[in-house]
Amino acid sequence: MNKLGIIAGSGMDIPGLKFIEDITVDSKYGAPSEGYKHFRYKDTDLYFLRRHGVKHEIPPHKINYRANIDGFRKLGVEAVVTVSAAGGINGSLCPGDIAVTSNAIDFTYGRNSTYFDDMEVFHIDITEPFCPSLRRGILYSAAEAGVTIFDGGVYLCTNGPRLETAAEITAYSKLGADFVGMTLFPECALARELGICFANISVITNYAAGISDRKLTSDEVVDIMGKASERVNSIVHKIMDNPFTPECDCRDSLKGTKITNG
Ligand code: HPA
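Note that the structure is a prediction, hence the values are computed from the model and not measured. (Residues numbered from 1 in each chain as written. Predicted model: local features only at pLDDT ≥ 70, side-chain atom pairs only at ≥ 80, totals over all residues. Heavy atoms only, no water.)

The subject of this paragraph is the packing of helix α2 (residues 132-145) against helix α5 (residues 218-241). At a minimum axis separation of 8 Å, α2 and α5 run at an interaxial angle of 110°. If you check the angle between α2 and α5, you find them roughly perpendicular. α5 is crossed by α2, and the crossing has right-handed handedness. Residue-level contacts link G137, I138, S141, A142, E144 and A145 of α2 to S234, I235, K238 and I239 of α5. Looking at the contact of α2 with α5, its residues break down into five nonpolar, three polar and two charged. (Axes fitted to C-alpha atoms, helices over the stretch in contact; angles between N-to-C directions. Helix = DSSP H or I, 4+ residues; strand = E, 2+ residues; numbered from the N terminus. Parallel < 35°, antiparallel > 145°, perpendicular 65-115°, else oblique. Left-handed = near helix turned anticlockwise from the far one by under 90°. Contact = heavy atoms within 4.5 Å. Nonpolar A, V, L, I, M, F, W, Y, C, P; charged D, E, K, R; others polar.)

Turning our eyes to something else, we now look at a negative patch on the surface. Judged by side-chain charge, D125, E128, D249 and D252 come together as a negatively charged surface patch. With respect to the helices and strands, the residue D249 is situated in the segment after α5. (Patch = residues over 30% accessible without salt bridge, like charges linked within 9 Å, V, L, I, M, F, W, Y side chains within 5 Å. Areas by Shrake-Rupley, 256 points an atom, 1.4 Å probe, with all protein chains shown as cover. Salt bridge = Lys/Arg side-chain N within 4 Å of Asp/Glu carboxyl O. Lys, Arg positive; Asp, Glu negative; His and termini not counted. Charge placed at Lys NZ, Arg CZ, Asp CG, Glu CD.)

The ligand sits among A85, A86, G87, L163, E164, V180, G181, M182, T205 and N206. At a separation of 3.3 Å, a nitrogen atom of the ligand approaches a polar backbone atom of G87. The contact in question runs from a nitrogen atom of the ligand to an N or O atom on the side chain of E164, over 2.9 Å. Burial of the ligand by the protein amounts to 93% of the accessible area it has alone, namely 260 Å². If you tally residues by element for the shell around the ligand, the top one is strand β5 (residues 79-88), at three residues. The residue inventory of the shell around the ligand, partitioned by class, reads five nonpolar, four polar and one charged. (Near = heavy atom within 4 Å. Polar contact = N/O pair within 3.5 Å; in protein donor to acceptor, adjacent residues only side chain to side chain.)

This part is about the environment of I211. Assignment of secondary structure puts I211 in the loop between β11 (197-207) and α5. Taking relative accessible area as the criterion, I211 reaches 39% and is therefore assigned partly exposed. With 42 residues separating them in the primary sequence, I211 and I169 have C-alpha atoms 8.1 Å apart. (Buried < 20%, exposed > 50% of the residue type's maximum accessible area, 1.4 Å probe, protein only.)

Quick look at the nonpolar core now. Among the nonpolar cores identified, the biggest contains 36 residues, and L4, L46, V81, L134, I138 and I235 are the most heavily contacted of them. Where this core is concerned, the elements lending two or more residues are β1 (2-8), β3 (36-41), β4 (44-50), β5, β6 (98-100), α2, β11 and α5. In this structure, V81 is in contact with L4, G5, I6, I7, L134, I138, A199, I201 and I239, ignoring residues within four places of it in sequence. Core analysis: the next-biggest nonpolar cluster, separate from the first, contains 33 residues, I7, L93, A99 and C157 among them. (Core = buried A, V, L, I, M, F, W, Y, C linked by side-chain atoms within 4.5 Å.)

So, about the pattern of salt bridges. A side chain of one charge can pair with a side chain of the opposite charge if their charged atoms are brought near each other. For the coordinates displayed, the defined rule picks out 14 salt bridges. E120 is the salt-bridge partner of K258, the closest N and O atoms lying 3.0 Å from each other. Of this pair, K258 sits in the segment after α5 while E120 sits in the loop between β7 (103-106) and α2, and the two are 138 residues apart along the sequence. The salt bridge involving D223 is made with K227; its shortest N-O contact spans 3.0 Å. Of this pair, D223 and K227 are both found in helix α5, four residues apart, which corresponds to roughly one turn of the helix.

Pasting the structure below:
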């Protein structure tokens, strides 16, 4: 049996799967955003978590990322696919488009961003922040599902919860960002610390600030995410049709990275 985790953002649900149970996981890092919804589909146990909580009451900077990822570890999950809303910076991305993120820039601050902050120091390598096997699996599954998806894109993660100024988006564009969101960090780095395969699907829900002259609203983000859900869900179903076989070194992520003596 494969164990797959999904972390969903604003406005996403996952219909069409056999619901098994709601699981409350206690983590030594505190409480995850909500209970993990356990579903079964063919040979896969799927654990679903909304990072902003049941009613979307947790802002990006207050999400307990450590507890959320540690919860997946405790459930024995080997691979986590995250779905995020993002504002499009790269002009070739329009609202409603979906991308499998290929790299990322971290502009967050003040978040608990490591499991190793007490007596032991590890510097993990995240040159490639996403599992190459899982990314390939998503691309393959999207092709099988007949869903158009962009292969790649740099996600710049801000601290939020406010949106950006037009000047910030101009600067982020010059730094190489294709889209902007608020939740990828420290999510991806924590999964790497725990040796869990991790990849991200970003749904472009709006043009980033200043790219279009319209005011940005959360209603628009939730609306576009809802409309994209069906395509994302058909990719997730296909991922489970083709059981995931990791051909990566995510499990060995800590090898050679401890700098503390002893
Ligand atoms: N900026 C930051 N985060 C976002 C956006 C945005 O424009 N859209 C969805 N999440």
